[in-house]
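One letter stands for each residue in the lines below.
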Amino acid sequence: MCGIALVLSGDRLVVAPSTAAAAAAASGTRFSDEREGVSVGELEEALRRRGPDSLGCHSFHLCADGTVLGDGGDGVGGGVGATKLCFIGATLQLRGAEPVSQPLVAQSGSVLVYNGEIYGGIHIANDQNDTQSLFSSLESCCSCDLCVVDRDETYPCCENVGKSVPQILSTIRGPWALIYWQAASNTLWFGRDAFGRRSLLVHWPTPDDSRFILSSVSPPSFSRNNSASEVNGLDSATDPDFSGHTKVSYWEELPCGIYSIHLKDLDTNASCMNEGCVIEVGKHDWTNSLLHTLIRWERKSTVPIVDGLIPGKSSVEEGNHHLSPSFRNSRESEDSTTHRVLTALRKSVMLRTNVNILYQGDLTTLNDVELAPIAILFSGGLDSMILAALLDQCLDSKWTIDLLNVSFDGQLAPDRVSSLAGLKELQRISPLRRWRLVEIDTDLANLKGESEHVMSLIHPSNTYMDLNIGIALWLAAGGDGWVNGQDGQRYKYKSTSRVLLVGSGADEQCAGYGRHRTKYRLGGWSSLDEEMRLDVQRIWKRNMGRDDRCISDHGKEARFPFLDENVIQTLLEIPLWEIAKLDEPVGKGDKKILRQVAKLLGLQEASFLPKRAIQFGSRIARESNRKNFGSNRAANQASAGSVEVHKLSH
């Protein structure tokens with residue numbers, strides 16, 4: 001895992017898509033010569049927390065005539081119209097046989113900073129590093145103008161030349177965010193995977209800071225003052241990923257996708273640059289048909305057919321004797337379907353928990369009792385219990401598994417109660433495994449500087465719900481708590497696990513939220529399907545970037561087995577009525593398919609547990625409501641979850 005960043009600056013160079021910055025430029029707004037904003041040093045400090053093993057920086061100037069000059073200092077340099085590109089990479093080394101520092105720089109002049117794992121699409125041997133292998137593939141890509149500039153076709157490449165950059169990136173299975181300078185075409189490529197599993201923030205040029213900046217995380221100094229500035233003239237009919245902004249934050253979540261900035265023709269644009277011309281950011285389409293299917297999130301069978309008609313909720317439940325043979329047969333094949341999901345999940349966990357050669361070497365410095373390369377964000381609920389049972393099957397029995405559980409109400413928090421019960425059940429199904437429940441207890445009243453720090457991590461998210469979730473995730477990922485020893489004594493312990501499994505994506509794909517039940521009750525199967533699709537398609541903005549930043553701040557890598565491409569594809573191939581049956585009680589019909597998977601794993605008690613979000617299970621939401629609103633009732637009346645933190649403080 002890495003923290004990555006880019007700072008692109010130049011003499012009146014403006015880089016913007018159809019956002020407020022473009023609107024400002026189009027309306028004649030002049031950009032300031034002042035470079036007021038985040039500094040390279042602040043970016044490095046924030047990124048190093050994500051990648052504590054190494055920190056690197058590489059910069060150069062691209063002159064207006066296309067000449068590349070080495071970095072001559074803090075200034076832009078290179079003459080009128082020159083552009084400075086500064087790449088930063090901070091690495092948490094987990095894969096490969098030898099340490100690799102970023103940025104990677106090729107003899108051609110190309111540069112790559114990459115934060116991701118490759119689980120398919122590009123072959124990675126067990127002793128190879130993902131970033132090096134990807135860099136080699138990218139360097140073989142076609143660099144002709146058609147492949148770089150044309151975004152409406154399927155990127156035909158020159159004869160006898162490799163694939164295009166979008167074609168390579170579209171093949172990757174696994175989470176990623178990257179920034180790549182293709183020297184042969186003078187093109188800057190950047191983007192995130194289709195589900196946004198790795199954070200990448202963007203600062204679009206503004207009148208106060210005309211630089212274009214990408215970063216895995218916002219430095220604390222620039223999230224404390226996160227008020228948005230208004231820009232007139234923004235057209236709401238533009239790209240929906242970028243439209244709708246009447247106010248602009250310094251940072252935004254970069255929408256999922258592949259983007260490019262083509263700087264080849266700077267020499268022809270030098271004259272207009274002095275007038276603040278806009279160089280367009282291009283967005284490229286995915287070239288992998290499977291990705292298109294997953295992004296659209298279209299299920300093959302949504303509504304069960306009853307005697308040739310589409311039934312309402314009650315007819316399905318009360319008229320089972322009228323069900324078509326195909327519906328009856330689907331019920332008879334539930335065991336087969338459950339096995340398919342179990343197989344996909346097991347493979348996903350296996351891919352994400354292979355203790356690589358280099359990582360194993362790091363673990364040899366620890367005592368046997370400390371050997372826990374993989375930890376689980378553990379509530380004792382359905383999703384984390386499934387991950388724990390699968391990890392037990394995939395991980396060598398010599399390793400301990402750390403179960404990280406956070407509570408804001410000691411032993412009384414619901415997640416603490418379920419985690420203790422879950423530990424007993426795991427010990428029952430796998431008595432030879434060393435399980436270590438790490439109880440992370442805290443009091444919200446004692447969190448001051450920590451809360452401010454987490455605010456910087458969740459930024460640009462800024463609601464109390466985001467902050468509550470962020471604090472709980474950040475504390476859990478830190479792994480600093482207490483363990484009950486075999487002798488009955490409780491001792492202080494800090495988990496050294498560098499990889500953390502998280503159950504994100506299970507509720508969105510398997511109808512685990514209360515709103516799913518409401519949508520089904522009001523609108524039936526189609527309404528439920530639409531709500532689930534919406535949840536999956538917006539998970540990058542609502543969840544993934546925030547969660548990745550909070551967990552990675554401790555030098556830990558979050559991995560999300562439920563969001564594996566093959567798992568998503570498998571779940572979409574299953575009829576919706578086999579995924580969930582929301583006429584049944586809570587704890588039975590919601591996430592029905594996962595409850596059946598849990599039973600196959602021997603998790604009988606866990607298979608009936610109701611869904612609890614981490615902010616409620618840990619009781620941080622209750623404590624936050626009391627602290628900031630006076631009571632839970634007052635918080636509910638104010639819709640506390642959606643209240644912006646800075647607004648209430650004012």
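Residues numbered from 1 in each chain as written. Predicted model: local features only at pLDDT ≥ 70, side-chain atom pairs only at ≥ 80, totals over all residues. Heavy atoms only, no water.

Structural notes on the overall build of the chain
Here is step 1: Within the chain, the secondary structure is distributed over 25 helices and 23 strands.
Here is step 2: Residues counted as buried form 58% of the 650 residues belonging to the chain.
Here is step 3: For the chain, restricting intrachain contacts to residue pairs at least 6 apart in sequence, the fraction spanning at least 24 positions comes to 74%.
Here is step 4: Looking at the chain as shown, the accessible area adds up to about 25600 Å², and 49% of this sits on carbon and sulfur atoms. (Helix = DSSP H or I, 4+ residues; strand = E, 2+ residues; numbered from the N terminus. Buried < 20%, exposed > 50% of the residue type's maximum accessible area, 1.4 Å probe, protein only. Contact = heavy atoms within 4.5 Å. Areas by Shrake-Rupley, 256 points an atom, 1.4 Å probe, with all protein chains shown as cover.)

Some words on the confidence of the model for the chain
Here is step 1: Looking at the chain as a whole, the pLDDT averages 83, with 78% of positions reaching at least 70.
Here is step 2: Every residue in residues 226-246 scores below 50 in pLDDT, and together they form 42 contacts with partners more than four places removed in sequence or on other chains.
Here is step 3: Within the model, pLDDT remains below 50 along residues 307-324, and this stretch shows 25 contacts once partners closer than five positions in the same chain are excluded. (pLDDT = per-residue confidence, 0-100.)

Quick word on helix α17 (residues 514-537)
Here is step 1: In a regular helix each residue adds 1.5 Å, so 24 residues correspond to 34 Å; α17 covers only 18 Å between its end C-alpha atoms and thus falls short of that length.
Here is step 2: Of all the residues in α17, the buried ones are His 516, Tyr 520, Gly 524, Trp 525, Leu 528, Asp 529, Glu 531, Met 532, Arg 533, Asp 535 and Val 536. (Expected span 1.5 Å × (residues − 1).)

Looking at the sheet that holds strand β4 (residues 68-70)
Here is step 1: Here 7 strands make up an open sheet; going across it, the order is β4-β3-β5-β1-β11-β10-β14 and the pairing antiparallel. Single-partner strands in this sheet number two, and they are β4 and β14 (252-253).
Here is step 2: Bridge count between strand β3 (residues 54-62) and strand β5 (residues 83-91): 9 bridges; the pairing is antiparallel. Of the residues in β5, the one forming a bridge with Cys 57 is Ile 88. (Pairing = 2+ DSSP bridges.)

Concerning the pairing of β5
Here is step 1: Where burial is concerned, most of β5 is hidden: 9 out of the 9 residues are buried.
Here is step 2: Across the two faces of β5 the burial is the same, with Thr 83, Leu 85, Phe 87, Gly 89 and Thr 91 and Lys 84, Cys 86, Ile 88 and Ala 90 all buried.
Here is step 3: Where strand β1 (residues 2-10) meets β5, 9 bridges bridge the pair, whose relative direction is antiparallel. Bridge pairing in β5 links Ala 5 to Ile 88.

Some points on the pairing of strand β18 (residues 401-407)
The two faces of the sheet receive side chains in turn, since in a regular strand these alternate between them.
Here is step 1: With 7 of 7 residues buried, β18 lies mostly within the body of the structure.
Here is step 2: Alternating positions in β18 separate into two faces, Ile 401, Leu 403, Asn 405 and Ser 407 on one and Asp 402, Leu 404 and Val 406 on the other, with burial throughout.
Here is step 3: By the bridge criterion, 3 bridges tie strand β17 (residues 374-377) to β18 in an arrangement that is parallel. Of the residues in β18, the one forming a bridge with Ala 375 is Asp 402.
Here is step 4: For the handedness criterion, the β-α-β arrangement of β17, helix α12 (residues 382-394) and β18 is classed as right-handed.
Here is step 5: Relative to strand β19 (residues 435-441), β18 is paired through 7 bridges, and the arrangement is parallel. (Right-handed = clockwise from strand over helix to strand, strands pointing away.)

Brief notes about the side chain of Gln 615
Here is step 1: Relative to the elements of secondary structure, Gln 615 occurs in helix α22 (residues 614-617).
Here is step 2: Once you skip the residues sitting within four places of it in the chain, Gln 615 turns out to touch Met 465, Asn 468, Ile 469, Ile 620 and Ala 621.

What about the packing of aromatic side chains?
Here is step 1: One pass over the full model with this rule turns up 10 aromatic pairs.
Here is step 2: Taken together, a centroid distance of 6.2 Å and an interplanar angle of 85 degrees make the contact between Phe 135 and Tyr 180 edge-to-face. Of this pair, Phe 135 sits in helix α3 (residues 130-139) while Tyr 180 sits in strand β8 (residues 176-182), and the two are 45 residues apart along the sequence.
Here is step 3: Take Phe 135: its relative accessible area is 8%, and that puts it in the buried class.
Here is step 4: On the accessibility criterion, Tyr 180 (0% relative accessible area) is buried.
Here is step 5: The interplanar angle of 40 degrees and the centroid separation of 5.6 Å between the aromatic rings of Trp 204 and Phe 212 together place this pair among those described as tilted. Judged on exposure class, the residue Trp 204 and its partner Phe 212 are both buried. (Phe/Tyr/Trp six-rings, centres within 6.5 Å; stacked < 30°, edge-to-face > 60°.)

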